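# Chain and residue survey
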Amino acid sequence: GESVGLHLPTLSVQEGDNSIINCAYSNSASDYFIWYKQESGKGPQFIIDIRSNMDKRQGQRVTVLLNKTVKHLSLQIAATQPGDSAVYFCAENTNNAGNMLTFGGGTRLMVKP
Amino acid sequence: DGGITQSPKYLFRKEGQNVTLSCEQNLNHDAMYWYRQDPGQGLRLIYYSQIVNDFQKGDIAEGYSVSREKKESFPLTVTSAQKNPTAFYLCASSSDATNEKLFFGSGTQLSVL
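The present account deals with the structure reproduced in this document. Predicted, not measured: the structure shown is a model, and the values here were computed from it.

Each value, and the rule that gives it
- Residues numbered from 1 in each chain as written.
- Chains lettered and ligands numbered in written order.
- Predicted model: local features only at pLDDT ≥ 70, side-chain atom pairs only at ≥ 80, totals over all residues.
- Heavy atoms only, no water.
- Helix = DSSP H or I, 4+ residues; strand = E, 2+ residues; numbered from the N terminus.
- Rg over C-alpha atoms; globule rule 2.2 N^0.38 Å.
- Buried < 20%, exposed > 50% of the residue type's maximum accessible area, 1.4 Å probe, protein only.
- Contact = heavy atoms within 4.5 Å.
- Lys, Arg positive; Asp, Glu negative; His and termini not counted.
- Charge placed at Lys NZ, Arg CZ, Asp CG, Glu CD.
- Areas by Shrake-Rupley, 256 points an atom, 1.4 Å probe, with all protein chains shown as cover.
- Salt bridge = Lys/Arg side-chain N within 4 Å of Asp/Glu carboxyl O.
- Polar contact = N/O pair within 3.5 Å; in protein donor to acceptor, adjacent residues only side chain to side chain.
- Phe/Tyr/Trp six-rings, centres within 6.5 Å; stacked < 30°, edge-to-face > 60°.

### Quick word on the overall build of chain B
Secondary structure assignment for chain B yields 0 helices and 11 strands. Each helix and strand of chain B, placed in order from N terminus to C terminus, yields the pattern β-β-β-β-β-β-β-β-β-β-β. Computed over its C-alpha atoms, the radius of gyration of chain B comes to 13 Å, within 12% of the 13 Å expected for a compact globule of 113 residues. The buried share among the 113 residues of chain B stands at 50%. Counting contacts in chain B only where the partners sit at least 6 residues apart, residues at least 24 apart contribute 53% of the total. The centroid of the 11 positive side-chain charges in chain B is displaced by 7 Å from the centroid of its 12 negative side-chain charges.

Next comes the structure, spelled out in structure tokens:
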């Protein structure tokens, strides 16, 4: 909704270019990671996930890379389109009590036509 | 269509008033969650329920209450004890015991009059 993402980091890319959204995660014990896309006024939508026994996973136009050495996760979007404009969140399963996901603060992606 | 339905889309609360946000899912998921989203921040967990008639506090449960009388329904009440209730509220569900891949509703924007 209108309350989402007023002070978020912003990535601005040209339509057709590739986008890379980065996320630093907090817990070296985390074994599952997930990316969500949230458009204005809507709930987050699942994009792609990856387990810690993998370094890379590909979906349709999206790739997630996991670097456990530096606790870094990235989402790559190929041939970015105007419909990709949204806020993107990463989340990790830190294996805390209840096994809940911990969400990052999000990055706003703006696609210029 | 299977999914999670939140209502209303917009809700206004007067001082001292309790309000209830609805969340219904027809995905046959066991686990359901409530998150709060504020500008520039990630999602924060309010309450979650892994099974009917059972629920647990999340990170910011104070001023909120829930019930889980049916598998399909997980309403959230924002009580008068919640002094800063203005936020975007998201309900989610998951099918697996690991609580990893969450499916979200479209959210309710709550504002104080």
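### A look at the overall build of chain A
When helices and strands are tallied, chain A shows 0 helices and 10 strands. When its helices and strands are written in sequence order, chain A yields β-β-β-β-β-β-β-β-β-β. Of all 113 residues assigned to chain A, the portion counted as buried reaches 45%. Taking the contacts inside chain A whose residues are at least 6 apart along the sequence as the reference set, 54% of them involve residues at least 24 apart. Accessible surface computed for chain A: about 5,500 Å², of which carbon and sulfur atoms make up 48%.

### Observations concerning the environment of Met32(B)
Residue and element names in this part refer to chain B. Tracing the backbone shows Met32 in strand 4 (residues 31-37). Taking the relative accessible area as the measure of exposure, Met32 reaches 0% and is therefore buried. In this structure the C-alpha to C-alpha distance between Met32 and Thr86, which are 54 residues apart in sequence, comes to 22 Å. Apart from residues lying up to four places away in sequence, Met32 is in contact with Cys23, Gln25, Tyr48, Ser49, Arg68, Lys71, Glu72, Ser73, Phe74, Cys91, Ala92 and Ser93.

### So, the side chain of Arg68(B)
All names here are of chain B. Counting through the fold element by element, Arg68 comes out in the loop between strand 7 (64-66) and strand 8 (76-78). The buried charged residue Arg68 lacks any salt bridge partner; its closest oppositely charged side chain belongs to Asp30, at an N-O distance of 6.0 Å. Within the structure, Arg68 has its side chain in polar contact with the backbone oxygen of Asp30 (distance 2.9 Å). Only 3.3 Å separates the side chain of Arg68 from the backbone oxygen of Lys70, close enough to count as a polar contact.

### What about the packing of aromatic side chains?
Residue and element names in this part refer to chain A. Under the defined criterion, the tally for this structure stands at 10 aromatic pairs over all chains. Ring geometry for Tyr36 versus Phe103: centroids 6.0 Å apart, planes at 40°, classification tilted. Here the residue Tyr36 occupies a position in strand 3 (residues 32-38), and Phe103 occupies one in strand 9 (residues 101-103), the gap between them amounting to 67 residues. On the basis of relative accessibility, which here comes to 0%, the residue Tyr36 falls in the buried class.

### A short note on the pattern of salt bridges
Residue and element names in this part refer to chain B. Across all of its chains, the model carries 6 salt bridges over all chains by this definition. Close ionic contact of Lys71 with Asp30 constitutes a salt bridge, the shortest N to O distance being 3.4 Å. With Lys71 in the loop between strand 7 and strand 8 and Asp30 in the loop between strand 3 (19-25) and strand 4, the pair connects residues that are 41 residues apart, well separated along the chain. Assessed through its relative accessible area of 37%, Asp30 is described here as partly exposed. Note that Arg44 and Asp38 form a salt bridge whose closest N and O atoms lie 2.8 Å from each other. What makes Arg44 partly exposed here is its relative accessible area of 30%. The buried category is assigned to Asp38, whose relative accessible area is 9%. Linked through salt bridges whose partners overlap, the residues forming this network are Arg36, Asp38 and Arg44.

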